[in-house]
Amino acid sequence: EKVSPGILTTRTSLYLARSGYYRGCTLADSKGGFMGRVDDIENGQVKLLSENGRKAAVQPFRKGQIVYLQDMGPGDRMEIASFAWSRRNGDKWESGRN
């Protein structure tokens, strides 16, 4: 909708913004490319962080450009817990894993 240094304005209803859900999310272009990290969203304004955590000064956005908020993005780390089980079923063993 509107672009200014470090802030995007949208008419899209981001209902989870009041809970802080989008803080730290990745803003991505239509191909999934990194465009920035979200500092906060308030009243339709997506406020961005720069790479070093300070407010963003300039971002490569165009008015009307489609962007996506992603929970996981480039540079994020995550852990996936491993789980395995086994049980005896008569004279045979069964097992499974995630």
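What you are looking at is a predicted structure, and each value in this text was computed from that prediction instead of being measured. (Residues numbered from 1 in each chain as written. Predicted model: local features only at pLDDT ≥ 70, side-chain atom pairs only at ≥ 80, totals over all residues. Heavy atoms only, no water.)

Draft legend 1. Spotlight on unusual backbone geometry. Despite not being glycine, Asn 43 has its phi angle at roughly 50 degrees, a positive value. Exposure remark for Asn 43: the relative accessible area of 74% places this residue in the exposed category. (Buried < 20%, exposed > 50% of the residue type's maximum accessible area, 1.4 Å probe, protein only.)

Draft legend 2. Spatial organisation of the pattern of salt bridges. Counted according to the given criterion, the structure contains two salt bridges. The partner of Asp 40 in a salt bridge is Arg 23, and the shortest N-O contact between them spans 3.3 Å. Of this pair, Asp 40 sits in strand E4 (residues 34-42) while Arg 23 sits in the loop between strand E2 (7-9) and strand E3 (26-28); the two residues are 17 residues apart in sequence, bridging distant segments of the chain. We classify Asp 40 as buried; its relative accessible area is 19%. Between Glu 94 and Arg 87 there is a salt bridge whose closest N-O contact spans 2.7 Å. According to the relative accessible area criterion, Glu 94 is partly exposed, its value standing at 27%. (Salt bridge = Lys/Arg side-chain N within 4 Å of Asp/Glu carboxyl O. Helix = DSSP H or I, 4+ residues; strand = E, 2+ residues; numbered from the N terminus.)

Draft legend 3. Inspection of the nonpolar core at higher detail. Formed by Leu 8, Ala 17, Tyr 22, Cys 25, Leu 27, Met 35, Val 38, Ile 41, Val 46, Leu 48 and Phe 61, the largest nonpolar core amounts to eleven residues. Mapped onto this core, the elements with two or more residues apiece are E4 and strand E5 (45-49). Tallying contributions element by element places E4 first for this core, with three residues. With near-sequence residues (within four places) excluded, Ala 17 lies in contact with Tyr 22 and Ile 41. (Core = buried A, V, L, I, M, F, W, Y, C linked by side-chain atoms within 4.5 Å. Contact = heavy atoms within 4.5 Å.)

Draft legend 4. Seen up close, the environment of Leu 8. Tracing the chain through its elements places Leu 8 in strand E2. It is 6.7 Å that separates the C-alpha atoms of Leu 8 and Lys 47, two residues lying 39 residues apart in sequence.

Draft legend 5. The arrangement of the environment of Gly 32 in detail. With respect to the secondary-structure elements, Gly 32 resides in the loop between E3 and E4. It is 8.9 Å that separates the C-alpha atoms of Gly 32 and Gln 70, two residues lying 38 residues apart in sequence.

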